[in-house]
Amino acid sequence: MSNKMWGGRFLADPDIIMQEINASIEFDKKLYRQDIAASIAHAKMLAHCKIISDQDRDDIISGLKKIEQEIEQDKFDFSMELEDIHMNIEARLAELIGEAGGRLHTARSRNDQVATDFRLYIRDYIDLLVKQIEQLQIALIKRAEKEIETYMPAFTHLQTAQPVSFAHHLLAYVEMLNRDYQRFMDSRKRLNICPLGSAALAGTSFPIDREMVAKELGFDSPSANSLDSVSDRDFVLETLSAAAICAMHLSRFAEELVIWSSVQFDFIQFSDKFSTGSSIMPQKRNPDAAELIRAKIGRIMGAYNSLMLVMKGLPLAYSKDMQEDKELTFDALDSLSISLSAMIGMVYDFKLKRQTMLKAASSGFSTATDIADWLVREINIPFRQAHHITGQIISLAQSKNLALKELDLKDMQKIDKRINEGIFTILSVENSVKSRTSYGGTAPDNIRAAIAHYKKILNI
């Protein structure tokens, strides 16, 4: 026998390999809550529009709620022969309530059904992710608040550049996460339209009320074009794009945590909660959580690229290719969620080695730019000339194997006689950091203002 849900014109069963490649139940069963919610809204609308009876509506809703309980209690028998979550639920509904169960699919298709379910799922997941992003921002802000006067070297090309406050460094990731939050919310706003009622692709001849369904499901409005409604996956691509950018930010931070926890840097140390050991080298403390976060970007970006390639050649409206949108999206969003959770834990966990960081901040002639700036301010020479003089001072320090603050004033005056004792006031790490008062700079007052700004936004 062919599939009883759609096989009226088919005389034979599909080949077993056809069943396996066609079925999506092993992964799209994740959509059961959304599918049931959308079906309940659809049933209410059908009864409101006098397309089904109130009794049928009540039986359908009762049956769907029972199915939801069965799934949540792991008592539901998912069938590959029924292909997907939609047919599995509909078949069980017919078992529970009889003929009324068959009326639920009036004025809809699996095409608009899955488009609706998937939008609901993505919307729910965005709501989870933005909460996690806020939690990570809060963790970073709480640590930053305690480390305003903890100093570290900032880098370009992974070479010591200038000293900064460690709090300032952490707040850079708060800014990145704020953009991630905005991207997800922007995507959520665009996806929040309801495809249900578009049916297979052309709409339906039944006198339905699409506005009622949209309102019942928390959508802003019904979708405007039935062809676009069932074939649009922009909302998934946008969400995956936002997820990939967010994962990239986490990966950058994870890379820094790996570097900082190395013996060579020794800026931080993770507790046993976020470290692993070696099977052969007993001295090892490996930052595996950070390394795994660093790797997740590959899976998430891969999901985005895969779906883009699936969609790029599809004619309107629906094609079975689009079944490939879910498994990779589920994996990508799960990967981002666990990465955010792990990063929140690590931010609260790692221990700072402040003296090591301060020593590193003082090395590599990190206050050289302060000399150039001082020469411009005090001697009133062009910056390019000041840059050249500073380079000569650095060469002098290197030849004598001294730090800049250890140089003799007379030696510096041999390079430029206008240099005076005032130059020593700007050579310490602390004074360098405090001097960066321009908006967005690392000066302590700026950091305090930034922390206060985000504490207000996040209600900390």
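Note: the structure precedes this text.
This report concerns the structure included in the present document. (Residues numbered from 1 in each chain as written. Predicted model: local features only at pLDDT ≥ 70, side-chain atom pairs only at ≥ 80, totals over all residues. Heavy atoms only, no water.)

### Some points on the overall build of the protein
Helix and strand counts for the protein stand at 19 helices and six strands. For 460 residues, the compact-globule estimate of 2.2 N^0.38 gives 23 Å, and the C-alpha radius of gyration of the protein, at 31 Å, exceeds that figure by more than 25%. A principal-axis box enclosing the C-alpha atoms of the protein has dimensions of 100 × 55 × 40 Å. Put simply, the protein has 460 residues, and 48% of those count as buried. Residue pairs in contact within the protein that sit at least 24 positions apart in sequence constitute 75% of those at least 6 positions apart. Total accessible area on the protein is roughly 22900 Å²; 51% of this is exposed by carbon and sulfur atoms. Side-chain charges in the protein split into 56 positive and 63 negative, and the spacing between the mean points of these groups amounts to 7 Å. (Helix = DSSP H or I, 4+ residues; strand = E, 2+ residues; numbered from the N terminus. Rg over C-alpha atoms; globule rule 2.2 N^0.38 Å. Buried < 20%, exposed > 50% of the residue type's maximum accessible area, 1.4 Å probe, protein only. Contact = heavy atoms within 4.5 Å. Areas by Shrake-Rupley, 256 points an atom, 1.4 Å probe, with all protein chains shown as cover. Lys, Arg positive; Asp, Glu negative; His and termini not counted. Charge placed at Lys NZ, Arg CZ, Asp CG, Glu CD.)

### Quick word on the pairing of strand β2 (residues 159–165)
In this structure, strand β1 (residues 151–156) lies alongside β2, joined through six bridges in antiparallel fashion. Paired with M152 across the strands is V164, a residue of β2. Hairpin geometry of β1 and β2 is characterised by an intervening segment of two residues between the two adjacent antiparallel strands and by a positive phi of about 60° at H157. (Pairing = 2+ DSSP bridges.)

### Focus on the state of the cysteines
In the structure shown here, the tally under the stated rule is zero disulfides. The structure places no disulfide on C49, whose sulfur is separated from the nearest cysteine sulfur, that of C194, by 13 Å. (Disulfide = S-S within 2.5 Å.)

### Details of helix α12 (residues 288–311)
The end-to-end C-alpha distance of α12 is 35 Å, a good match for the 34 Å that 24 residues give at a rise of 1.5 Å each. The set of residues buried in α12 consists of A289, A290, I293, K296, I300, A303, L307, V310 and M311. Summarising the contacts, the buried residues of α12 are in contact with α10 (226–231), α11 (234–260) and α13 (324–349). (Expected span 1.5 Å × (residues − 1).)

### Quick word on helix α14 (residues 354–362)
All of the buried residues in α14 are M357, A360 and A361. Around the axis of α14, the buried residues are gathered within 100° of arc, so they sit on the same side. Residues of α14 that are exposed and point more than 90 degrees away from the buried face comprise Q355 and K359. Lining the buried residues of α14 we find β1, β2, α8 (166–191), β6 (351–352) and α18 (429–435). Where α14 ends, the next residue or the one after it, G364, has phi of about 65°, a positive value. (Arc of directions from axis to C-beta.)

### Quick word on the side chain of S39
Structurally, S39 is set in helix α3 (residues 32–48). There is a polar contact of 3.0 Å between the side chain of S39 and the side chain of R108. Excluding residues that lie within four positions of it along the chain, S39 makes contacts with L64, L104, R108 and Q113. (Polar contact = N/O pair within 3.5 Å; in protein donor to acceptor, adjacent residues only side chain to side chain.)

### Observations concerning the side chain of R108
Relative to the assigned elements, R108 resides in the loop between α6 (99–102) and α7 (110–146). Despite its burial, R108 pairs with no opposite charge, the nearest such side chain being E90 at 4.8 Å. With residues up to four places along the chain from it excluded, the contact list for R108 reads S39, H42, Q113, L196 and A199. (Salt bridge = Lys/Arg side-chain N within 4 Å of Asp/Glu carboxyl O.)

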